[in-house]
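Tertiary structure, described
Here's the letter readout for the chains.
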Number of protein chains: 2
Amino acid sequence: MSAKTKKQIVIEAAAKLFSDKGYSAASMRELAGRVGLEQASSLYNHIKSKEEALQEICFENARKFIDGITSIESDIEHPTEQVRALIELHIQIATNDITSVTVFNDEWRHLSERPLSEFLALRKDYEERFKEIINKGIKSGVFKDMNPSFALHTILSALKWIHYWYKPGRDSDLENVRKDIMLLLMSGLRSH
Amino acid sequence: MSAKTKKQIVIEAAAKLFSDKGYSAASMRELAGRVGLEQASSLYNHIKSKEEALQEICFENARKFIDGITSIESDIEHPTEQVRALIELHIQIATNDITSVTVFNDEWRHLSERPLSEFLALRKDYEERFKEIINKGIKSGVFKDMNPSFALHTILSALKWIHYWYKPGRDSDLENVRKDIMLLLMSGLRSH
DNA sequence: CCTACCGATCGGTAGG
DNA sequence: CCTACCGATCGGTAGG
């Protein structure tokens, strides 16, 4: 729609910088340089603080995952197809959203107390709902009999490498990645 | 064997601290406090610099993985059993070695240029050998036909959650974790 | 192992 | 958006 605001530009550059260097090693002076500002102090016309940038990144992406799983719960019926759609959701966010790395990474741990506990609550909510889908599949016999929490962690962790690997030029490989990850994880999960 | 040297104590505490806060956010003053020293300057009687601690942690663990895969290549014959042993190796290192987190994590990226390129060369070597085992399995038909590099990344990434989850009190769950991870990943990989 | 200290860099503010 | 600046904290050294 409308052009990106300077604030959005700053926040996307911050996400890239946090991902490159880690939140603590990323300096506001380097961030300024990356968005074409000579002085770090100029950044404060667009964002309140370094942590505000981190918060926006973390919560914007948390919302994407929550929205995604909400649609999947209501639009899709069978656990097998629901898990398939969740894997698609992770791949899609990792490859479409340059800011998502920061959430996938451990940078969220640098949030201060209040936003940190809110972020962890959102993550917990997402994980519980994902786990419940796995659990339904196990109970109905379409998934192997395993601890749903262990299966959840293994799948979520397995999906993390994509955003490290993905660069815009790799779109041609993306369809193959999707197919092989799906094959490996879904046949790992399914009982037949 | 012999008691831990103070240097070893410092390095293990550094590994824990780097894992808790990230390398950049970890201060030498806090590290001093954790090993019972009042002054950060006292640390420099045991280690040369903050980065020396990081180097020791990264290279010691890289060596464990290289040694592990070397044994597996020579002692075990079939790709299926080799991959099974490699998964065991990762679980064992993640749960036995408190310093290993720093390598699993992204903290190695804070190494300076020379040690960083050496570390990446070791990691590359390990990954190539792991991939070759997967490739043999695919060629001989015991594994599904998939891109061996994608399968490698997915498996390595899937194994990373264990060390975040593992705490000494959780030994009772460890056998179940091992079983379920093995079930999910090996049946994801195998063609029959 | 501590005391004393240093230059560098950090996130951020005041004011225009 | 820049100039000028600040207090805090950093990793590390000298010397005993």
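Read on for a plain summary of the structure. (Residues numbered from 1 in each chain as written. Chains lettered and ligands numbered in written order. Predicted model: local features only at pLDDT ≥ 70, side-chain atom pairs only at ≥ 80, totals over all residues. Heavy atoms only, no water.)

Along chain A, the regular secondary structure elements total nine helices and zero strands. Reading the helices (α) and strands (β) of chain A from amino to carboxyl end gives α-α-α-α-α-α-α-α-α. Oriented by its inertia axes, the alpha-carbon framework of chain A measures out at about 60 × 40 × 35 Å. Expressed as a percentage of the 192 residues in chain A, the buried residues total 51%. (Helix = DSSP H or I, 4+ residues; strand = E, 2+ residues; numbered from the N terminus. Buried < 20%, exposed > 50% of the residue type's maximum accessible area, 1.4 Å probe, protein only.)

Moving on to the packing of aromatic side chains. Under the counting rule described, the total for this entry stands at 18 aromatic pairs over all chains. Geometrically, the ring pair formed by W108 of chain A and F119 of chain A is stacked, given 5.9 Å between the ring centres and 25° between the ring planes. With W108 of chain A in the loop between α5 (100-104) and α6 (113-139) and F119 of chain A in helix α6, the pair connects residues that are eleven residues apart, well separated along the chain. Considered together, W108 of chain A and F119 of chain A belong to a single accessibility category, that of buried residues. Taken together, a centroid distance of 6.0 Å and an interplanar angle of 75° make the contact between F150 of chain A and W165 of chain B edge-to-face. In this pair, F150 of chain A sits in helix α7 (residues 148-158) while W165 of chain B sits in helix α8 (residues 161-165), so the two residues belong to two different chains. Ring pairs connect the aromatic residues F150 of chain A together with W161, W165 and Y166 of chain B, which therefore count as one cluster. (Phe/Tyr/Trp six-rings, centres within 6.5 Å; stacked < 30°, edge-to-face > 60°.)

The next thing to look at is helix α1 (residues 6-21) of chain B. Structurally, the α-helix is built with 3.6 residues per turn, so residues lying three or four positions apart point the same way. For α1 of chain B, spanning 16 residues, the distance from its first C-alpha to its last is 22 Å, which sits close to the expected 22 Å at 1.5 Å a residue. Every buried residue of α1 of chain B is accounted for by V10, I11, A13, A14, A15, L17, F18 and S19 of chain B. (Expected span 1.5 Å × (residues − 1).)

Here we come to the protein's contact with DNA strand D. Surrounding DNA strand D, one finds 16 residues, the nearest of these being S42 and N45 of chain A together with M28, R29 and K50 of chain B. Near-protein atoms of DNA strand D (within 4 Å) split between backbone and bases, with sugar and phosphate holding 52%. Within the side chain of S41 of chain A, an N or O atom sits 3.0 Å from a base oxygen of DNA strand D. Residue K50 of chain B places a main-chain N or O atom 2.8 Å away from a phosphate oxygen belonging to DNA strand D. Of the residues contributing to the surface near DNA strand D, the split by class is four nonpolar, eight polar and four charged. (Near = heavy atom within 4 Å. Polar contact = N/O pair within 3.5 Å; in protein donor to acceptor, adjacent residues only side chain to side chain. Nonpolar A, V, L, I, M, F, W, Y, C, P; charged D, E, K, R; others polar.)

With that settled, consider the protein's contact with DNA strand C. Among the 16 residues in the neighbourhood of DNA strand C, the closest are listed as M28, R29 and K50 of chain A together with S42 and N45 of chain B. Among the atoms of DNA strand C close to the protein, meaning within 4 Å, 52% are from sugar or phosphate groups. Within the contact set of DNA strand C, a base nitrogen lies 2.9 Å away from a side-chain nitrogen or oxygen of N45 of chain B. Of the residues belonging to the surface near DNA strand C, the class tally is four nonpolar, eight polar and four charged.

Quick look at the interface of chain A and chain B now. Taken together, the contact between chain A and chain B spans 38 residues of the former and 38 residues of the latter. By the criterion of area lost to chain B, the three top residues of chain A are F150, W161 and L184 of chain A, representing 25% of everything that side buries. Inspection of the region where chain A meets chain B yields two salt bridges. With a shortest N-O distance of 3.3 Å, R109 of chain A and E107 of chain B are connected by a salt bridge. Put simply, the parts of the chain that give the side of chain A that touches chain B at least two residues each are α1 (6-21), α7, α8 (161-165) and α9 (171-189) of chain A. The greatest single-element share of the side of chain A that touches chain B, amounting to eleven residues, is contributed by α9 of chain A. (Contact = heavy atoms within 4.5 Å. Buried area = accessible area lost by both parts, 1.4 Å probe. Salt bridge = Lys/Arg side-chain N within 4 Å of Asp/Glu carboxyl O.)

For H90 of chain A, the position within the fold is in helix α4 (residues 79-96). In this structure, H90 of chain A is in contact with F65, F104, Y126, F130, L156 and L159 of chain A, ignoring residues within four places of it in sequence.

This brings us to the pattern of salt bridges. By the definition in use, this model includes 44 salt bridges over all chains. With its nearest N and O atoms 3.6 Å apart, the salt bridge here joins K131 of chain B to E128 of chain B. Within this pair, K131 of chain B and its partner E128 of chain B are both found in helix α6 (residues 113-139), separated by three residues, close to a single helical turn. A residue is classified by how much of its surface remains accessible, and E128 of chain B, at 34% relative accessible area, is partly exposed. It is possible to trace a salt-bridge network through shared partners that takes in K16, D20, K21, E30 and R34 of chain A.

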